[in-house]
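# Structure assessment
Chain by chain, the residues run as shown.
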Amino acid sequence: EWCLDGILQKMQIFRVSGNSERGVWMSPPFEAVGVGGLYLELRMLRPDEINNGSDHECSIDGSADCSVFLWAPAGIRLSFRLYVGGENAELRHVFDGVSPCGVSHMCCIADQMCRQDGSLRVGIEIY
């Protein structure tokens, strides 16, 4: 599990700056099921991307404002569940080492963050 502290401040900086690189966060590298070089990626969506095809219900208007992805070395085959707060998605993928696998419209960050400390949990369960 990866915990992002101060997620609201990060969101505000991203929205004010308009710089898409400020809206991408990578977890520290980790190992699971004997596979090293794994990373989680959380991306904030730009306002023009928010209403494009959300499969996950959240917020008043049903739009998602973030994406979540898993990066893994080439040739690795995994069945896994990605989660952001309480939202999750089950996926199965063979990684090419060049692109990640994930959900492009996962959830609304404000709906999933911890109200007490403003943090956000992002994680993976591998089956």
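Residues numbered from 1 in each chain as written. Predicted model: local features only at pLDDT ≥ 70, side-chain atom pairs only at ≥ 80, totals over all residues. Heavy atoms only, no water.

## Let's talk about the sheet that holds strand S9 (residues 120–126)
This is how it is decided: What makes two strands pair is DSSP finding at least two bridges between them. In this description a helix means any DSSP run of H or I spanning at least four residues, a strand means any run of E spanning at least two, and both kinds are numbered starting from the N terminus. Helix axes are fitted only over the stretch in contact, all axes being lines through C-alpha atoms; the angle between N-to-C directions runs from 0 to 180 degrees.
Across the sheet, four strands lie side by side as S1-S9-S6-S7; this open sheet has antiparallel pairing. Edge positions in the sheet fall to strand S1 (2–4) and strand S7 (87–94), since each has one partner strand and no second. Going from strand to strand, the sheet's axes swing by 20° on average, the running direction of each strand aside. Pairing between S1 and S9: three bridges, direction antiparallel. Counterpart to Cys 3 in the pairing with S9 is Arg 121.

## Quick word on unusual backbone geometry
Applied cut-off: Using a 1.4 Å probe on the protein chains alone, a residue whose accessible area is under 20% of its type maximum counts as buried, one over 50% counts as exposed, and one in between counts as partly exposed.
Of note in this structure, Val 33 is not a glycine but carries a positive phi near 45°. Checked against the element boundaries, Val 33 lands in the loop between strand S3 (30–32) and strand S4 (35–44). Overall, the relative accessible area of 58% leaves Val 33 in the exposed class.

## Details of the pattern of salt bridges
Put simply, the test is: Each reported salt bridge corresponds to a side-chain nitrogen of Lys or Arg within 4 Å of a carboxyl oxygen of Asp or Glu.
With the rule as written, the count across this model stands at three salt bridges. Where Arg 43 meets Glu 41, a salt bridge forms, and the shortest distance between an N and an O atom there is 2.5 Å. Classification of Glu 41 by relative accessible area gives buried; the value is 5%.

## As for a nonpolar patch on the surface
Spelled out, the test is: Each patch is built from residues that are more than 30% exposed by relative accessible area and take part in no salt bridge. Like charges join if they lie within 9 Å; nonpolar side chains (Val, Leu, Ile, Met, Phe, Trp, Tyr) join within 5 Å. What sets the accessible areas is the Shrake-Rupley method with a 1.4 Å probe; for residues, cover comes only from the shown protein chains.
A surface patch of nonpolar side chains, amounting to about 230 Å² of accessible area, comprises Val 24, Met 26 and Tyr 39. The exposure class of Val 24 is partly exposed, given its relative accessible area of 33%.

## Some points on the side chain of Ser 27
Put simply, the rule is: Note on contacts: a residue pair qualifies if any of its non-hydrogen atoms lie within 4.5 Å across the two residues.
Examined against the element boundaries, Ser 27 turns out to sit in the loop between strand S2 (24–26) and S3. When neighbours within four sequence positions are excluded, Ser 27 is seen to be in contact with Trp 2, Tyr 39 and Leu 40.

## Side note on the side chain of Ser 67
Our working rule: Counting of polar contacts relies on pairs of N or O atoms within 3.5 Å, with two restrictions inside protein: one atom must be capable of donating a hydrogen and the other of accepting it, and residues adjacent in sequence are counted only when both atoms are side-chain atoms.
Considering the arrangement of structural elements, one finds Ser 67 in strand S5 (residues 66–71). Among the polar contacts listed, one links the side chain of Ser 67 to the backbone oxygen of Ser 104, at a separation of 2.2 Å. When neighbours within four sequence positions are excluded, Ser 67 is seen to be in contact with Glu 41, Leu 42, Arg 43, Leu 45, Val 103, Ser 104, His 105 and Met 106.

## Quick word on the nonpolar core
A general trend in soluble globular proteins is that nonpolar side chains are found buried together. Applied cut-off: For our purposes a nonpolar core is just a set of buried Ala, Val, Leu, Ile, Met, Phe, Trp, Tyr and Cys residues, chained together by side-chain atoms within 4.5 Å.
Core analysis: the largest hydrophobic core is formed by 32 residues, its most contacted members being Ile 7, Leu 42, Leu 70, Val 84 and Val 122. Within the residue set of this core, elements represented by two or more residues are S1, helix H1 (7–17), S4, S5, strand S6 (77–84), strand S8 (101–107) and S9. Considering each element in turn, this core owes the most residues, five residues, to S4. Those residues within four positions of Val 122 in sequence are excluded, and the remaining contacts are Glu 1, Trp 2, Leu 4, Leu 40, Leu 42, Val 68, Tyr 83 and Val 84.

Honestly, it's all geometry; don't read function into it.
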